[in-house]
Amino acid sequence: MLSIVPSSFKRSTIVPVPKKPGPSGLNDYRPVALTSVMMKCFEKLVRDFITSSLPASMDPLQFAYRHNHFTDDAIAYLLHTTLTHLDKGRGNYVKMLFVDYSSAFNTIIPSLLTTKLEDLGWIHPCATGSSGLILVSCTLTLSTGAPQGCVLSPLLYSLYTCDCAATSSSTIIVKFADDTIVMGLISDNDERAYLEEIKHLENWCQGNNLLLKVSKTKELIVDCSKKQEWHYQPVRINGTMVERVDSFRYHGVYISQDLSWSSHTNSLSKKARQCVYHLRCLRDFRLPSKVLRNFYTCTIESILTGNITVWFGNSTKQDRQALQRVVHSAERITHTELPDLQTIYYKARTKARIVKDPTHPNNRLFSLLRVTPPLKVAVPQATLSLPVPGMKNSAQPVLVPIPGMDDTDLLSKMKTGER
């Protein structure tokens, strides 16, 4: 049997989806491929077969497109690594470079992907010769890129970028799909390893046909040492200065330079109150409370509880009260009792799934409590007379432990009449 995918199966309809309101150029559209149902079924079979054969240790800091890995896991790993390094020394600080690629999925070279698949022991199933039918245009044959919307594209991109890893012990590269963060754990104002890592990433992108978008790449510095003022070296990519910001929105969570969550909670409160207005409009249409509650759960609650395990535990009392007031406003509109954020946080922070997965990057952050048998302490015993069950006016000597008293002390007290 020939391992050839028919050309008709590789045909897809490319739908340009705007990335933002009011697109002004071609780069403002995201090409999404609509493939046939038969092709999707074949791709799922190939994806599951390849995924089951890949080693769990391959690219461990890629949190996307993997079982039991979520956005809050990537953010938790980022924050834990930062706080751990800051606690090691007074002069330590952390630099984070939030890298943005320009059309990462569309710039994959099939020949390079084929070589990497061969190195991993796999041959590309349908990486070349994909033809796409672009709406309002003619039929074209695509020779580069992994079509977005295909089942295999996320896996192929992960395999394509699996060799992009940190080269120094003081640098870490955290990835979630094409969102890449270069972390520099700086001590004594020595940023050489961090700058060399950025240069290595720049060279890696040039060799793998990935273009860094410097205008959207930002740098964030977390430094809690108030007494010392360091001279932070600027970062340049392709000769262009990278902008340094006080906070950055990473997967819906605003990470600030002082690791406070006021800016994040303010953004959540503002966005959630906009949805409360729509909830009032639905109430004015006299919709039942069940429908209003479903609307609240799908919109307002999902906004307030996004990645709640990362930021809610360290937020201030004022920030929590501001978010809880939004919940109270929704309760008055829906005339139903809604779960408070504290309860949702307690239920969501259970991480049994991470504890059971030894290959998860955050598994080492949890340690199970050892169940030790009760200690057997030798306690002095004294002889007392207790009634025998079932017999009246009867007594039987029984040894009863009395803490801090031995037989000699008890006999002396009994002779003297003390109790």
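- The name an unreviewed UniProt entry assigns to the chain is Reverse transcriptase domain-containing protein, from the organism Electrophorus voltai.

**Observations concerning the overall build of the chain**
Then step 1. A tally of helices and strands in the chain yields 12 helices and 15 strands.
Then step 2. For the chain, with 419 residues in total, the buried portion stands at 39%.
Then step 3. The long-range fraction of contacts in the chain, counting pairs at least 24 apart against all pairs at least 6 apart in sequence, stands at 68%.
Then step 4. Summed over all atoms, the accessible surface of the chain reaches about 24700 Å², with 57% contributed by carbon and sulfur.

**A few points about a positive patch on the surface**
Then step 1. Residues Arg273, Arg280, Arg325 and Arg332 make up a contiguous surface patch of positive charge.
Then step 2. Of note, Arg280 is situated in helix H6 (residues 262–284).
Then step 3. Take Arg280: its relative accessible area is 36%, and that puts it in the partly exposed class.

**Some thoughts on the nonpolar core**
Then step 1. Counting residues in hydrophobic clusters, the biggest one holds 50 residues, and the most contacted among them are Met96, Met183, Tyr250, Ile300 and Leu304.
Then step 2. Among the elements that line this core, the one with the most residues is helix H2 (residues 71–88), at 6 residues.
Then step 3. Those residues within four positions of Leu304 in sequence are excluded, and the remaining contacts are Leu268, Ala272, Trp311, Leu323, Val326, Val327 and Leu341.
Then step 4. Core analysis: the next-biggest nonpolar cluster, separate from the first, contains 36 residues, Met58, Phe105, Cys205 and Val242 among them.

**Here we look at the pattern of salt bridges**
Then step 1. On inspection of all chains with the given rule, the structure shows 11 salt bridges.
Then step 2. In this structure, Lys116 and Asp163 form a salt bridge, with 3.3 Å as the shortest nitrogen-oxygen distance. With Lys116 in helix H3 (residues 110–119) and Asp163 in the loop between helix H4 (153–160) and strand E6 (171–176), this residue pair connects regions lying 47 residues apart in the sequence.
Then step 3. The class of Asp163 is partly exposed, set by a relative accessible area of 39%.
Then step 4. One network of salt bridges, in which partners are shared, links Lys95, Glu191, Glu219 and Arg244.

**Side note on the environment of Ala76**
Then step 1. Take Ala76: it is sitting in helix H2.
Then step 2. Along the backbone, Ala76 and Val310 are 234 residues apart, and their C-alpha atoms lie at a distance of 6.0 Å.
Then step 3. Those residues within four positions of Ala76 in sequence are excluded, and the remaining contacts are Val310 and Asn362.

**As for the packing of aromatic side chains**
Then step 1. According to the stated counting rule, one finds 8 aromatic pairs in the structure shown.
Then step 2. Measuring from centroid to centroid gives 5.8 Å for Trp311 and Phe312, while their planes differ by 70°, and the two rings are edge-to-face. In this structure, Trp311 and Phe312 share a single accessibility class: buried.
Then step 3. With 5.8 Å between their ring centres and 45° between their planes, Tyr345 and Tyr346 make a pair best called tilted.
Then step 4. The exposure class of Tyr345 is buried, given its relative accessible area of 12%.
Then step 5. Taking the relative accessible area as the measure of exposure, Tyr346 reaches 43% and is therefore partly exposed.
Then step 6. The structure contains a cluster of three or more aromatic residues connected by ring pairs, namely Trp311, Phe312, Tyr345 and Tyr346.
Then step 7. Stacked on the ring of Phe312, the Lys or Arg Arg320 has its end atom at 4.5 Å from the ring centre.

**Describing the pairing of E6**
Every other side chain in a regular strand lies on the same face of the sheet, so the side chains alternate between the two faces.
Then step 1. Across the 6 residues of E6, 6 count as buried, placing the element largely inside the fold.
Then step 2. Of the two faces of E6, the one holding Thr171, Ile173 and Lys175 and the one holding Ile172, Val174 and Phe176 are both buried throughout.
Then step 3. Bridging between E6 and strand E7 (residues 179–186) involves 6 bridges; their strand directions are antiparallel. Bridge pairing in E7 places Phe176 opposite Asp179.
Then step 4. Between E6 and E7, which pair antiparallel in sequence order, lie 2 residues; one of them, Ala177, sits at a positive phi of approximately 60°.

**A short note on the environment of Ser215**
Then step 1. With respect to the helices and strands, Ser215 occurs in the loop between helix H5 (192–207) and strand E8 (218–222).
Then step 2. What makes Ser215 exposed here is its relative accessible area of 57%.

**A look at helix H1 (residues 37–53)**
Then step 1. Taking 1.5 Å as the rise per residue, H1 with 17 residues should run 24 Å; its terminal C-alpha atoms sit 25 Å apart, in good agreement.
Then step 2. Listed in full, the buried residues belonging to H1 are Met39, Glu43 and Ile50. Down the axis of H1, the buried set is contained in an arc of 35°. They therefore lie on one face. Exposed positions of H1 whose direction lies more than 90 degrees from the buried face are Val37, Leu45, Phe49 and Ser52.

**Notes on the side chain of Thr171**
Then step 1. Mapped onto the fold, Thr171 is located in strand E6.
Then step 2. On the basis of relative accessibility, which here comes to 3%, the residue Thr171 falls in the buried class.
Then step 3. Polar contacts involving the side chain of Thr171 include one to the side chain of Glu197, which spans 2.9 Å.

Criteria and cut-off values
- Residues numbered from 1 in each chain as written.
- Predicted model: local features only at pLDDT ≥ 70, side-chain atom pairs only at ≥ 80, totals over all residues.
- Heavy atoms only, no water.
- Helix = DSSP H or I, 4+ residues; strand = E, 2+ residues; numbered from the N terminus.
- Buried < 20%, exposed > 50% of the residue type's maximum accessible area, 1.4 Å probe, protein only.
- Contact = heavy atoms within 4.5 Å.
- Areas by Shrake-Rupley, 256 points an atom, 1.4 Å probe, with all protein chains shown as cover.
- Patch = residues over 30% accessible without salt bridge, like charges linked within 9 Å, V, L, I, M, F, W, Y side chains within 5 Å.
- Salt bridge = Lys/Arg side-chain N within 4 Å of Asp/Glu carboxyl O.
- Lys, Arg positive; Asp, Glu negative; His and termini not counted.
- Charge placed at Lys NZ, Arg CZ, Asp CG, Glu CD.
- Core = buried A, V, L, I, M, F, W, Y, C linked by side-chain atoms within 4.5 Å.
- Phe/Tyr/Trp six-rings, centres within 6.5 Å; stacked < 30°, edge-to-face > 60°.
- Lys NZ or Arg CZ within 6 Å of the ring centre and 35° of its normal.
- Pairing = 2+ DSSP bridges.
- Expected span 1.5 Å × (residues − 1).
- Arc of directions from axis to C-beta.
- Polar contact = N/O pair within 3.5 Å; in protein donor to acceptor, adjacent residues only side chain to side chain.

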